[in-house]
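# Analysis of the macromolecular model
What follows is the residue order along each chain.
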Amino acid sequence: MAASPAPAGRTLAVFASDKGPGDPERAPIMSQVGTILARHGMRIVCIADETLDTIPLVQAARSAGGEVLLVADEGFVPPAALGGLAIERIDDPEARLRRVGDLATCFVGLPGSLASAAGLYRAWQRVGAGASGKPVVLLNRNRAFEAMRGMAADILSHSVQHSDRIVVFTDNVEDLWNKVSWALGVAR
């Protein structure tokens, strides 16, 4: 299914995972975030490389009436529960990352695997990172992104002007929308 044009300023690339060891709250967090973002009229774009690690997010957003787009490889088969989901298929992994980055107005990282954090970083890099003006909001629940917070303070702050407006952290789901909304407003 081809992607429709996104509403201006309303597309978030969300990176998360409920796979592997770690915080057992990841799936419920994704569900809460999907609902919150959909209720605020945000279009969510996620990447699917062989599997979809954001199923709770996608299901919650769709249940709340939100629009979700997957950018996936040719072989990706969505679970039956996600029938009718908009999928844009791009077989080249680099082109998938670039497409997600191009669609995004803002990047959101939820607690998950190292692979999901790396995917967010690579997609953000493909569109110019800090120079793109596209902010990143990281949900630092249970200190999931504490190392990135330290790097942002120690490294990014010296190399990217207004880095505190480009990479934003929040510690709870309830504040996530406030940070996304603020980051989008500052980025314009």
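The helix and strand tally for the protein chain stands at 7 helices and 7 strands. Order of helices (α) and strands (β) in the protein chain, N terminus to C terminus: β-α-β-α-β-β-α-β-α-β-α-α-β-α. Considering the protein chain as a whole, with its 188 residues, one finds that 47% of them fall into the buried category. Of the contacts formed within the protein chain by residues at least 6 apart in sequence, a portion of 68% connects residues at least 24 apart. For the protein chain, the accessible surface area stands at approximately 8700 Å², while carbon and sulfur atoms represent 53% of it.

Right, let's get into the pairing of strand S5 (residues 106-109). With burial as the criterion, each face of S5 is covered, one bearing Cys106 and Val108 and the other bearing Phe107 and Gly109. In terms of strand pairing, strand S1 (residues 11-15) meets S5 through 4 bridges, oriented parallel. Residue pairing across strands places Val14 opposite Val108, the latter belonging to S5. Pairing of S5 with strand S6 (residues 136-139), which is carried by 3 bridges, proceeds in the parallel orientation. In the sheet register, Val108 faces S6, and the bridge partner there is Val137. For the handedness criterion, the β-α-β arrangement of S5, helix H4 (residues 114-126) and S6 is classed as right-handed.

All buried positions along helix H2 (residues 55-63) are accounted for by Pro56, Leu57, Val58, Ala60 and Ala61. Check the buried side of H2 and you find it contacts S1, helix H1 (26-39), strand S2 (43-48) and strand S3 (68-72). Remark: Gly65 follows H2 within two positions and exhibits a positive phi of approximately 85°.

With respect to the element layout, Leu138 can be found in strand S6. In sequence terms Leu138 and Ala117 are 21 residues apart; their C-alpha atoms lie 9.6 Å from each other.

Here the focus is the sheet that holds strand S7 (residues 167-170). As summarised here, the arrangement of the 7 strands in space is S4-S3-S2-S1-S5-S6-S7, forming an open sheet in which the pairing is parallel. The open sheet has two edge strands, strand S4 (86-89) and S7, and neither has a second partner. Strand-to-strand twist across the sheet, computed as the mean angle between neighbouring axes with direction ignored, equals 25°. Running over the sheet, H2 touches S1, S2 and S3 and is turned about 155° from S2.

Cut-offs and rules
Residues numbered from 1 in each chain as written. Predicted model: local features only at pLDDT ≥ 70, side-chain atom pairs only at ≥ 80, totals over all residues. Heavy atoms only, no water. Helix = DSSP H or I, 4+ residues; strand = E, 2+ residues; numbered from the N terminus. Buried < 20%, exposed > 50% of the residue type's maximum accessible area, 1.4 Å probe, protein only. Contact = heavy atoms within 4.5 Å. Areas by Shrake-Rupley, 256 points an atom, 1.4 Å probe, with all protein chains shown as cover. Pairing = 2+ DSSP bridges. Right-handed = clockwise from strand over helix to strand, strands pointing away. Axes fitted to C-alpha atoms, helices over the stretch in contact; angles between N-to-C directions.

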